[in-house]
Amino acid sequence: MGIKSDIRLIDDNGLRIDGRLPNQLRPIKMEVGVLDRADGSAYIEWGGNKIMAAVYGPREAYPKHVQEAEKAIIRARYSMAPFSVDERKRPGPDRRAVELSKVISEALESVIFVEKYPRTSIDVYIEVLQADAGTRVAGITAASLALADAGIPMRDLVVGCAVGKIDGVVVLDLNKEEDNYGEADVPMAILPRTREIALLQMDGDMTYEELTGAIEMAMEAAQTIHKMQIEALKRKYVEVE
Amino acid sequence: MNEKRGVRKIVVPGELIKEMGKPGKGVFVENGKMYSAYLGVVEIRAGYVNVIPLSGCYVPKKGDKVIGKIIDIAPMNWVVDINAPYYAPLHVNDVPWHVDFGYTARYLSIGDVILAKVSNVNELGQVWITMKEQGLRKLEGGHIIQISPFKVPRVIGKGGSMIQMLKEYTGCRIYVGQNGMIWISGSPEGIITVIKAIRMIESEAHTYGLTDRIKAFLEEERGEEHGN
């Protein structure tokens, strides 16, 4: 973000560097139930992102002092593999991973019926195998599939979706170049049924009008991604027959 | 499961349920509309609309017969893993033997498997189990497999028809715990057949006409055993 350059991110025809329209998503592929040992799991390919999500629990929360007497705690862990980016990333949680783990936990907690399982923890592990901008939103999308696969009661599926601003134009779902050289990046988590927002961050700056337009754009895209999520969940069971 | 074939309707969390009826289990109501809370199948029973989850952990209910594994021993009780979110203590007063203080390990040791009953569950989710009832005992020998607790009713079948059929065709002894643990004892061939059949039930639990297909499968297996 904010690196000054003379790269043109939008050409004369209004297309982006990967040939997409401003309100077009990258290709998305989802699969549910990819891991045998986890209670629930999902794998997502979103443009160049490859992310695996696994859910364990609800199980008794340890250490005991983190238990909450009347609800379950949601512990999401976002982590990037050392080989997920161009230059080897030092393994282990860094400032960014800790922050994302926290905001993802809170976004997911807003849809789960946590009061059903007192004293337990639901652990969500999000592993980024390959990163290409927008990993947190893709991670949230995969995590909510994994939660549904684990049979955890939820109000809705959560859809992650990013919007941003490049060359003065509000666009949907930034890729790596657009993220690095663009003007703003707004990752969001949306509950598609009620159109509520579970997560909204903004890096860079936008005017009020641009932001409202961007949120509207993300809402529309969320409906599309939500349909893919439903399709992915049902596919696991319908193919059996 | 009447004569209809095909797949039952699958719903995802947050999906609107159009079926009419009173809200039952696995659904929630918002603004007068009913939505599913689980990834599951819709079932209407006695005027209530329920969503039966396709996966998930076992939630103990009072009176359930469960199969559990001893994972820890204390002077006055054992700790039993019944595959629920919480471990269940089994107190020495709840076993059919007279156990002196500190001698718990003589009767049940770590790794032993027991058939027990859930005697109480409180609103905090704490569970107590008992073995003081006819038929509850330590399970020795045999084979244990694990299925989703929500598929237990399909393995048992209507009025126990499915489990009865499995027992008749293979001559195995089978105990099905409500927590999804299944104990099978009998001839090795019988055990293999039962496991295959249960795996089949598990993967096709959301389809119609399951009993007939399992019956056909068992007939076929029995045919092979008799050498043709």
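Refer to the preceding data block for the structure.
The structure displayed is predicted, hence computed values, not measured ones. (Residues numbered from 1 in each chain as written. Chains lettered and ligands numbered in written order. Predicted model: local features only at pLDDT ≥ 70, side-chain atom pairs only at ≥ 80, totals over all residues. Heavy atoms only, no water.)

Trainee: What's the story with the overall build of chain B in this structure? I'm lost.
Mentor: Looking only at helices and strands, chain B features four helices and 15 strands. Projecting the C-alpha coordinates of chain B onto the three principal axes gives extents of approximately 60 × 60 × 25 Å. Scored against the burial criterion, the 228 residues of chain B give a buried share of 48%. Long-range pairs, those at least 24 residues apart, make up 59% of the contacts in chain B with a sequence separation of at least 6. On chain B, roughly 11300 Å² of surface is accessible, and the fraction owed to carbon and sulfur atoms is 51%. Side-chain charges in chain B split into 28 positive and 24 negative, and the spacing between the mean points of these groups amounts to 5 Å. (Helix = DSSP H or I, 4+ residues; strand = E, 2+ residues; numbered from the N terminus. Buried < 20%, exposed > 50% of the residue type's maximum accessible area, 1.4 Å probe, protein only. Contact = heavy atoms within 4.5 Å. Areas by Shrake-Rupley, 256 points an atom, 1.4 Å probe, with all protein chains shown as cover. Lys, Arg positive; Asp, Glu negative; His and termini not counted. Charge placed at Lys NZ, Arg CZ, Asp CG, Glu CD.)

Trainee: Before we go on, may I ask you to explain the packing of aromatic side chains in this structure?
Mentor: The geometry of two aromatic rings is summed up by the distance between their centres and the angle between their planes. Applying the stated criterion across every chain yields a total of five aromatic pairs over all chains. Consider the rings of Phe113(A) and Phe28(B), whose centres lie 5.2 Å apart with planes at 65°: the pair is edge-to-face. Taken together, the positions of Phe113(A) in the loop between helix H1 (95–109) and strand E5 (120–130) and Phe28(B) in strand E3 (residues 27–30) put the pair across two chains. When its relative accessible area of 11% is taken as the criterion, Phe113(A) is described as buried. (Phe/Tyr/Trp six-rings, centres within 6.5 Å; stacked < 30°, edge-to-face > 60°.)

Trainee: Which parts of the structure should I look at to understand the pairing of strand E15 (residues 181–185) of chain B?
Mentor: Across a regular strand the side chains alternate sides, sitting on one face of the sheet and then on the other. All names here are of chain B. When you tally the buried positions in E15, you get five out of five residues, the bulk of the element. In this structure, strand E13 (residues 143–146) lies alongside E15, joined through four bridges in antiparallel fashion. By the bridge assignment for E15, Ile144 is matched with Trp183. The pairing of strand E14 (residues 173–176) with E15 spans four bridges and is classified as antiparallel. (Pairing = 2+ DSSP bridges.)

Trainee: Help me understand the sheet that holds E13(B), please; the structure alone is not making it clear to me.
Mentor: Hydrogen bonds between backbone atoms are what pair the strands of a sheet, whose relative direction is either parallel or antiparallel. Residues and elements named next belong to chain B. The three strands are arranged E13-E15-E14 in an open sheet whose pairing can be described as antiparallel. Each edge of the open sheet is held by one strand with a lone partner, namely E13 and E14. Here the average twist between neighbouring strands, direction ignored, is 20°. Running at roughly 10° to E13, helix H3 (residues 188–203) makes contact with E13, E14 and E15 of the sheet. (Axes fitted to C-alpha atoms, helices over the stretch in contact; angles between N-to-C directions.)

Trainee: Which parts of the structure should I look at to understand the sheet that holds strand E2 (residues 22–23) of chain B?
Mentor: All names here are of chain B. Strand order in the open sheet formed by four strands is E1-E5-E6-E2, and the pairing between neighbours is mixed. At either end of the open sheet lies a strand with only one pairing partner, and these are strand E1 (10–11) and E2. Sheet analysis places E2 next to strand E6 (residues 48–53), joined by two bridges and oriented parallel. When the sheet's bridge partners are listed, Lys22 is paired in E6 with Tyr48.

Trainee: Any chance you could explain the side chain of Thr120(A) here in plain terms?
Mentor: Tracing the sequence through the fold places Thr120(A) in strand E5. A distance of 2.7 Å separates the side chain of Thr120(A) from the backbone oxygen of Tyr117(A), its partner in a polar contact. Filtering out sequence-adjacent residues up to four positions away, Thr120(A) remains in contact with Pro58(A), Arg59(A), Glu60(A), Ala61(A), Lys71(A), Ala72(A), Ile73(A), Pro85(B) and Tyr86(B). (Polar contact = N/O pair within 3.5 Å; in protein donor to acceptor, adjacent residues only side chain to side chain.)

Trainee: It is not clear to me how the interface of chain B and chain A should be interpreted in this structure. Could you clarify?
Mentor: Buried accessible area, meaning the area lost when the parts come together, often serves as the stated size of an interface. Every contact between the two is made by 31 residues of chain B and, on the other side, 29 residues of chain A. Where chain B touches chain A, the interface holds two salt bridges. In this structure, Lys234(A) and Glu15(B) form a salt bridge, with 3.5 Å as the shortest nitrogen-oxygen distance. At the surface where chain B touches chain A, the tally comes to nine residue pairs in polar contact (both at pLDDT 80 or more). For the side of chain B that touches chain A, the secondary structure elements donating two or more residues are E3 and strand E4 (33–36) of chain B. Here the side of chain B that touches chain A is built from residues that sort into 16 nonpolar, nine polar and six charged. (Salt bridge = Lys/Arg side-chain N within 4 Å of Asp/Glu carboxyl O. Nonpolar A, V, L, I, M, F, W, Y, C, P; charged D, E, K, R; others polar.)

Trainee: Just checking my understanding: could you explain helix H2 (residues 161–170) of chain B for this structure?
Mentor: Helical periodicity: at 3.6 residues per turn, an α-helix aligns residues three or four positions apart in one direction. All names here are of chain B. Of all the residues in H2, the buried ones are Met162, Ile163, Met165, Leu166, Tyr169 and Thr170. Viewed along the axis of H2, the buried residues span an arc of 160°, placing them on a single side of the element. Directly after H2, the chain includes Gly171, whose backbone phi takes a positive value near 70°. (Arc of directions from axis to C-beta.)

Trainee: It is not clear to me how the pattern of salt bridges should be interpreted in this structure. Could you clarify?
Mentor: When the charged atoms of two side chains lie near each other, side chains of opposite charge can form a pair. Residues and elements named next belong to chain A. Under the definition given, this model contains 29 salt bridges over all chains. With a shortest N-O distance of 2.9 Å, Asp173 and Arg26 are connected by a salt bridge. With Asp173 in the loop between strand E7 (169–172) and helix H3 (176–181) and Arg26 in the segment before strand E1 (28–32), this residue pair connects regions lying 147 residues apart in the sequence. For the salt bridge of Asp123 with Arg75, the shortest nitrogen-to-oxygen distance reads 3.0 Å. Of this pair, Asp123 sits in strand E5 while Arg75 sits in strand E4 (residues 73–80); the two residues are 48 residues apart in sequence, bridging distant segments of the chain. Taking the relative accessible area as the measure of exposure, Asp123 reaches 3% and is therefore buried.

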